[in-house]
Amino acid sequence: MQKSAPPPDDELVARARKGDVAAFRLLVERYEGRVFTTVVGMLGRGDEVDDVAQETFIRFYETLERFRGEASVGTYLTRIAMNLSLNAIKRRKRWTARFLSTEFIIGTRHEAAVDSIPGAEQSEQRERIRKAVDTLEPKLRAVVVLRMVDEYSTRETADILGVPLGTVLSRLSRAQAKLRKVLGPYYNESNAPI
Amino acid sequence: MTERERSILLRSFDAPLSESDAAALKQILAGSEGARFEYERVQHLRAATREVLQLDGQEAVTPFFAERLTRRLTRPASPREDFSDALMWLFQRVAIAALLITFGLVTYNLISPLPLPQSQNPIETAFSIPPSSPDLAYDLDLP
């Protein structure tokens, strides 16, 4: 028996608007990976990630009426996830400034991440890259996540962040320079990562 | 390297290239060691970052995420949520009414023609607070 083609996004959005929760669930299943990648890229691994990912889809559900399809569902969700992640970083900064040192927070997040990865060498390499990304300030990290991880073009990245194209290019250049600086001793640029 | 070749190389970093440009890029990289080095330098850094963060993202998806989310969306509001919403609704109205009353009283007190003691400060006047000072408290009539 031939398997029928999965329904396109616009059809699922139209059904979800009419209150079809099953259609919305299909959209969630289709885009949960992308949303989690954006949020983890911005916040690192931790309990906060699930909350922000849930909030992203809830915002989307609540604004389905306003979604006109000018951007794709994936881009629309990425924009919401990015804004909520930046808000979470602001909240975290306020909380950290009040109660804890940044080193403690970053250290805790990294320990949790390393523990869950099988293979020490692989986890060590991943850890280096995570730490390098963590050293970037949120504005630069946002460009890295959208441009280098989610693979949006420079123009799309500028649209999602609501900044001029030149700003994205300059942030990308600063971010790459910082990443190279941090990863330099461990990274053989003419070949694959060591 | 010609201006066109340079432009193709730079565009390859910004967005996917058309078929003809991708073929041209392949030729540029085959013909110039310097261009190939720069291209690989950028691509390797991007690929390594992408690989790690995408893997982290996939691993971070919690079990039954879609199920939990849709259950949350379809769940009727609990009585507790109803109560807190009602409290919030009431508080907002009470706060607005209190602000309006305060504003009215302050305005009335400030423009009221009642004679006020010279020593009274503006806050005491606005809120019609009896003047307070050691002299007045002990009702002293010192020279």
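Residues numbered from 1 in each chain as written. Chains lettered and ligands numbered in written order. Predicted model: local features only at pLDDT ≥ 70, side-chain atom pairs only at ≥ 80, totals over all residues.

### Regarding the overall build of chain A
So, step 1. Per the secondary structure count, chain A includes 9 helices and 0 strands.
So, step 2. Across chain A, helices and strands are ordered from the amino to the carboxyl terminus as α-α-α-α-α-α-α-α-α.
So, step 3. Relative to its 194 residues, chain A shows a buried fraction of 34%.
So, step 4. Sequence-distant contacts, at least 24 apart, represent 61% of the contacts inside chain A between residues at least 6 apart. (Helix = DSSP H or I, 4+ residues; strand = E, 2+ residues; numbered from the N terminus. Buried ≥ 20, exposed ≤ 12 C-beta atoms within 10 Å, placed from the backbone. Contact = placed C-beta atoms within 7 Å.)

### Considering the overall build of chain B
So, step 1. For chain B, the helix and strand inventory stands at 7 helices and 0 strands.
So, step 2. For chain B, the α and β elements follow one another from N to C terminus as α-α-α-α-α-α-α.
So, step 3. A total of 143 residues make up chain B; the buried ones form 10% of that total.

### Topic: the confidence of the model for chain A
Residues and elements named next belong to chain A.
So, step 1. The share of residues in chain A with pLDDT of 70 or more is 79%, and the mean pLDDT across the chain is 82.
So, step 2. Averaged pLDDT values for the elements of chain A fall to 48 in helix H5 (residues 102-115) and rise to 94 in helix H2 (residues 21-43).
So, step 3. In the model, residues 110-118 has pLDDT below 50 throughout and makes 12 contacts with residues more than four positions away in sequence or in other chains.
So, step 4. Note on residues 189-194: pLDDT is under 50 here. Beyond four places in sequence and across chains, it has 11 contacts. (pLDDT = per-residue confidence, 0-100.)

### Some points on the interface of chain B and chain A
So, step 1. Taken together, the contact pairs 26 residues of chain B with 35 residues of chain A.
So, step 2. Of all elements in the fold, only helix H3 (33-60) and helix H4 (65-74) of chain B reach the threshold of two or more residues within the side of chain B that touches chain A.
So, step 3. No other element matches H3(B), which puts 16 residues into the side of chain B that touches chain A.
So, step 4. Each residue belonging to the side of chain B that touches chain A can be placed in one class, and the counts come to 12 nonpolar, 8 polar and 6 charged. (Nonpolar A, V, L, I, M, F, W, Y, C, P; charged D, E, K, R; others polar.)

### Some details on the nonpolar core
So, step 1. By size, the foremost hydrophobic cluster in this structure holds 50 residues, and its most contacted members are Val39(A), Val49(A), Ala81(A), Val143(A) and Val144(A).
So, step 2. If we skip the residues at most four places from it in the chain, Val143(A) touches Thr157(A), Val168(A), Arg171(A), Leu172(A) and Ala175(A). (Core = buried A, V, L, I, M, F, W, Y, C linked by C-beta atoms within 7 Å.)

### Some thoughts on H2(A)
So, step 1. The end-to-end C-alpha distance of H2(A) is 29 Å, clearly below the 33 Å that 23 residues give at a rise of 1.5 Å each.
So, step 2. In the structure, H2(A) departs most strongly from a straight axis at Tyr31(A), where the bend amounts to approximately 50 degrees. (Expected span 1.5 Å × (residues − 1). Bend = angle between axes of the 7 residues up to and from the residue.)

### Regarding unusual backbone geometry
So, step 1. Of note in this structure, Glu151(A) is not a glycine but carries a positive phi near 60 degrees.
So, step 2. Of the residues examined, Glu151(A) has 14 C-beta atoms within 10 Å and is grouped as partly exposed.
So, step 3. Phi angles above zero are rare outside glycine, and Phe64(B) is one such case at about 60 degrees.
So, step 4. Along the chain, Phe64(B) turns up in the loop between H3 and H4.

### A few points about the packing of H2(A) against helix H3 (residues 47-62) of chain A
Residues and elements named next belong to chain A.
So, step 1. For the pair H2 and H3, the least separation of the axes is 9 Å and the interaxial angle reads 135 degrees. Between H2 and H3, the angle is such that the two are oblique. The handedness of the crossing between H2 and H3 is right-handed. Of the residues in H3, those in contact with Phe-24, Val-28, Val-35, Phe-36, Val-39, Val-40 and Leu-43 of H2 are Glu-48, Val-49, Val-52, Ala-53, Thr-56, Phe-57 and Tyr-61.
So, step 2. Across the contact of H2 with H3, the residue classes break down as 12 nonpolar, 1 polar and 1 charged. (Axes fitted to C-alpha atoms, helices over the stretch in contact; angles between N-to-C directions. Parallel < 35°, antiparallel > 145°, perpendicular 65-115°, else oblique. Left-handed = near helix turned anticlockwise from the far one by under 90°.)

### Observations regarding helix H9 (residues 165-183) of chain A
Residue and element names in this part refer to chain A.
So, step 1. Its 19 residues give H9 an end-to-end C-alpha distance of 27 Å, which sits within 8% of 27 Å, the value for a rise of 1.5 Å per residue.
So, step 2. For H9, the complete set of buried residues consists of Val-168, Arg-171, Leu-172, Ala-175, Gln-176, Leu-179 and Leu-183. The buried residues of H9 occupy an angular sector of 135 degrees when projected down its axis, which confines them to one face. Those residues of H9 that are exposed and angled more than 90 degrees off the buried face are Gly-166, Ser-173, Ala-177 and Lys-181. (Arc of directions from axis to C-beta.)

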